[in-house]
Amino acid sequence: MSDATTPGAVNAQIELIDLAAQRRRIGRRMDEAILRVVDHGKYIMGPEVAELEKELAAYCGAKHVLSCANGTDALGLALMARNLKLGQAVLVPSFTFAATAEVVAWFDAVPVFVDVREDTFNMDPVSLEAGVATVKRSGLEPVGVIPVDLFGLPADYDEILAIASAHRLWVICDAAQSFGAVYKGRKVGTIGDITTTSFFPAKPLGCYGDGGAIFTDDDDIAAVMKSLRVHGQGSDKYDNVRVGMNARLDTIQAAVLREKLTIFADEITARERLAARYGALLQERVAVPRVPPGLTSVWAQYTVRLPSGCSRDAVATKLRAEGVPTAVYYHTPLHQQTAYRHYPVAGNGLPASERIAGEVLSLPMHPYLDDEVQDRIVAETVAALGS
Ligand SMILES: Cc1ncc(COP(=O)(O)O)c(C=O)c1O
């Protein structure tokens, strides 16, 4: 039995994301898988990489899966395959991790920031429409949209795909946080034209370093991205048919991910149960996240909104003093960040992103959180909020 489930664990140190607890479950198998790679020596594009890609495809139902070095390169490869150029505009949510907009700027293209919905933290389709109009008025060419499945919850794809199709935009789903989630019967990885994910260690499916993957049903795009991933290679390693990059996933990371994939569905179930418990126990005191009908979340984060007027710093400080770690994802929306504030925003501004950024707080969330520890986190949160 793991330490996280033994009586007395309630007094153990609480982790925001407890990777050590997962190691207690599958550490031995994991170590053996890593050692097998060390022994066979095929460190670059070894057999585990192709096996992992097959297993990820079987898991989500995508026709093509390409593993790669990280979630940022996954987005970069997708944009390269889309031939993104100077003067083109790509609509992205402002309330996200920097990588979503950063990759657009790599190509001297223009990220245009769109607001998010207050209830799901995901791209607001109404603001997306306004953003397309803003781009057209400015003389830029709108070419694509990158919705983000924030904190593990798929974005509003029915609405977003309809807007994209009306304006002839491609859709690259930034599913860095949501691999394993479901949108109306479709697994993440099969929704937009191209989907990207991250296997950063803290992600629901994370490796022991950097990693990522790209999913698509399009044979041509898959072939181009496969070439781009290895310096634009053609018929062999020293035949370069396009300018690419080095974005391969290490074989050791593929071996780690193959082991973790065997328990991933079970871990998602555990996260869902804990999220439901948090919701039931905290809904009277804070705005708890809600999952729209027909969708599932993989709960990469459990992020609540504190009541307006409540000092988030004070709450976080009190919780830290009681041994409860928290995090703020994200305290500044991208359109207000130094590196991005000169880019356009949709319509008349992004009030929801700005409000949310001041109110969010993420609580400990991982599959090995036990009920007693979660009860303690809830009790300390309620105490920190005061009466
Ligand atoms: C929404 C989003 N997009 C992209 C990335 C980039 O992934 P990586 O850190 O693997 O490059 C992240 C990583 O946290 C993310 O959260």
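Right, let's walk through the structure included here. On a predicted model such as this, the values are computed, not experimentally measured, just so you know. (Residues numbered from 1 in each chain as written. Predicted model: local features only at pLDDT ≥ 70, side-chain atom pairs only at ≥ 80, totals over all residues. Heavy atoms only, no water.)

With respect to the environment of Ala-287
Piece 1. Looking at where Ala-287 falls in the secondary structure, it is placed in the loop between α8 (251-282) and β10 (302-305).
Piece 2. Judged by relative accessible area, Ala-287 falls into the partly exposed class, the value being 44%.
Piece 3. Each C-alpha atom, one on Ala-287 and one on Ala-175, is 24 Å from the other, the two residues being 112 residues apart in sequence.
Piece 4. Here Ala-287 is in contact with Val-304 and Arg-305, once residues within four sequence places are set aside. (Helix = DSSP H or I, 4+ residues; strand = E, 2+ residues; numbered from the N terminus. Buried < 20%, exposed > 50% of the residue type's maximum accessible area, 1.4 Å probe, protein only. Contact = heavy atoms within 4.5 Å.)

Details of the sheet that holds strand β4 (residues 141-145)
Piece 1. Strand order in the open sheet formed by 7 strands is β1-β9-β8-β5-β4-β2-β3, with mixed pairing between adjacent strands. Two strands bound the open sheet, and with one partner strand each, they are β1 (64-68) and β3 (110-114). Mean inter-strand twist for the sheet, computed between neighbouring axes without regard to direction, equals 30 degrees.
Piece 2. The strands touched by helix α7 (residues 219-229) are β1, β8 (194-198) and β9 (212-216); relative to β1, the strand with the most contacts, the crossing angle is about 20 degrees. (Pairing = 2+ DSSP bridges. Axes fitted to C-alpha atoms, helices over the stretch in contact; angles between N-to-C directions.)

Thoughts on helix α2 (residues 47-60)
Piece 1. The terminal C-alpha atoms of α2, which comprises 14 residues, lie 21 Å apart, in line with the 20 Å expected from a rise of 1.5 Å per residue.
Piece 2. Among all positions of α2, only Glu-48, Val-49, Leu-52, Glu-53, Leu-56, Ala-57, Tyr-59 and Cys-60 are buried.
Piece 3. In the stretch just after α2, Gly-61 is the one whose phi turns positive, near 90 degrees. (Expected span 1.5 Å × (residues − 1).)

Here's the deal with the nonpolar core
Piece 1. With 86 residues, the main nonpolar core has Leu-56, Leu-79, Leu-84, Leu-91, Val-104 and Ile-146 as its most contacted residues.
Piece 2. The contacts of Val-104, once residues within four sequence positions are left out, are Leu-79, Leu-84, Val-90, Val-92, Ala-109, Val-110, Pro-111 and Ile-146.
Piece 3. By size, the runner-up hydrophobic cluster in this structure holds 24 residues, among which are Ile-14, Leu-282, Leu-319 and Leu-385. (Core = buried A, V, L, I, M, F, W, Y, C linked by side-chain atoms within 4.5 Å.)

All quantities given are derived from atomic positions and should not be read as evidence of function.
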